[in-house]
Amino acid sequence: DTAVSQTPKYLVTQMGNDKSIKCEQNLGHDTMYWYKQDSKKFLKIMFSYNNKELIINETVPNRFSPKSPDKAHLNLHINSLELGDSAVYFCASSLGTGANTGELFFGEGSRLTVL
Amino acid sequence: AQSVTQLGSHVSVSEGALVLLRCNYSSSVPPYLFWYVQYPNQGLQLLLKYTTGATLVKGINGFEAEFKKSETSFHLTKPSAHMSDAAEYFCAVILRGGSYIPTFGRGTSLIVHP
């Protein structure tokens, strides 16, 4: 059983479209995250959810909206896609707080290409 | 301000040689420190971490890292590189008393030559 699973793995779409990426974790973790990895491999935090509460939202355009129906799921919805949104999006989860939050378990990534 | 810096975007070694990947942090209070590895087309996985206690930390696949407060460093080493070690390596920090969200360095690509 995959611990953190994301779907789809690949997504190719046109500018202006709306798309969603789903993430599920079966580890019983309290916190889930979305990171964006650009073409230079830089990882930037986008969102973090703890017990269904958004606890951080970096300078991310409001076209991006996280949705967490329950503790095991954190989906990412993107409106009006732009060329600059092309990247690999990683979902991750962690247990607890403090040092344990650094022990992230990552999904395999969803590669988004906007044409 | 960047709280974690990885020196060298690429490090190239021969198989069997020492691996040294550098990581420095900027914080008045020592943070929690982590090293992650990312193999091609995969997510990141934890190699090792330092929170408190012993400053020399051993991780998976023969890697280890030493926390040096005086140098604000947490460099990753491995005595003998294998071809299978070729990957992207990320240092990450969690600043104590902050949001406890891990911040990643820009990564170092390890290239291993036969």
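Here's a quick rundown of the structure.

### Some remarks on the nonpolar core
Part 1 of the argument: Counting residues in hydrophobic clusters, the biggest one holds 27 residues, and the most contacted among them are Trp35(B), Leu48(B), Leu76(B) and Tyr89(B).
Part 2 of the argument: Among the elements of the structure, strand S2 (10–14), strand S3 (19–25), strand S4 (32–38), strand S5 (44–50), strand S7 (64–68), strand S8 (73–78), strand S9 (87–94) and strand S11 (108–113) of chain B are those that each provide at least two residues to this core.
Part 3 of the argument: Counting 20 residues, the second-largest nonpolar core is a separate cluster that includes Ile21(A), Cys23(A), Leu74(A) and Val114(A).

### Concerning the interface of chain A and chain B
Part 1 of the argument: Contact residues are listed per partner, giving 24 residues for chain A and 20 residues for chain B.
Part 2 of the argument: With both chains or domains summed, chain A and chain B bury close to 1,800 Å², and 62% of this area falls on carbon and sulfur atoms.
Part 3 of the argument: A salt bridge links Glu103(A) to Lys49(B); the shortest N-O distance between them is 2.1 Å.
Part 4 of the argument: Joining chain A to chain B, the criterion identifies four residue pairs in polar contact (both at pLDDT 80 or more).
Part 5 of the argument: At the level of elements, strand S4 (31–37), strand S5 (43–50) and strand S6 (53–57) of chain A are the ones that each hand at least two residues to the side of chain A that touches chain B.

### Looking at the pattern of salt bridges
Part 1 of the argument: Tallied over the entire structure, the rule returns seven salt bridges over all chains.
Part 2 of the argument: Notably, a salt bridge pairs Asp85(B) with Lys78(B), separated by 2.9 Å at the nearest N-O pair.
Part 3 of the argument: A relative accessible area of 2% means that Asp85(B) is categorised as buried.
Part 4 of the argument: Overall, the relative accessible area of 6% leaves Lys78(B) in the buried class.
Part 5 of the argument: In this structure, a network of salt bridges that share partners links the residues Arg63(A), Glu82(A) and Asp85(A).

### Topic: the state of the cysteines
Part 1 of the argument: Overall, the coordinates contain two disulfides over all chains when judged by the stated rule.
Part 2 of the argument: Two residues share a disulfide in this structure: Cys23(A) and Cys91(A), whose sulfurs sit 1.8 Å from each other. Here the S-S torsion is close to -75°, and the disulfide linking Cys23(A) with Cys91(A) is therefore left-handed. Within this pair, whereas Cys23(A) is found in strand S3 (residues 19–25), its partner Cys91(A) is found in strand S9 (residues 87–94), the two being separated by 68 residues in sequence.
Part 3 of the argument: On the basis of relative accessible area, Cys23(A) is assigned to the buried category, the value being 1%.
Part 4 of the argument: For Cys91(A), a relative accessible area of 0% gives the class buried.
Part 5 of the argument: Each sulfur of the disulfide joining Cys23(B) and Cys91(B) lies 2.0 Å from the other. Across the disulfide from Cys23(B) to Cys91(B), rotation about the S-S bond amounts to roughly -65°, and the bridge is consequently left-handed. Of this pair, Cys23(B) sits in strand S3 while Cys91(B) sits in strand S9; the two residues are 68 residues apart in sequence, bridging distant segments of the chain. No difference in accessibility class separates Cys23(B) from Cys91(B), as the two residues are buried.

What counts and what doesn't
Residues numbered from 1 in each chain as written. Chains lettered and ligands numbered in written order. Predicted model: local features only at pLDDT ≥ 70, side-chain atom pairs only at ≥ 80, totals over all residues. Heavy atoms only, no water. Core = buried A, V, L, I, M, F, W, Y, C linked by side-chain atoms within 4.5 Å. Buried < 20%, exposed > 50% of the residue type's maximum accessible area, 1.4 Å probe, protein only. Helix = DSSP H or I, 4+ residues; strand = E, 2+ residues; numbered from the N terminus. Contact = heavy atoms within 4.5 Å. Buried area = accessible area lost by both parts, 1.4 Å probe. Salt bridge = Lys/Arg side-chain N within 4 Å of Asp/Glu carboxyl O. Polar contact = N/O pair within 3.5 Å; in protein donor to acceptor, adjacent residues only side chain to side chain. Disulfide = S-S within 2.5 Å.

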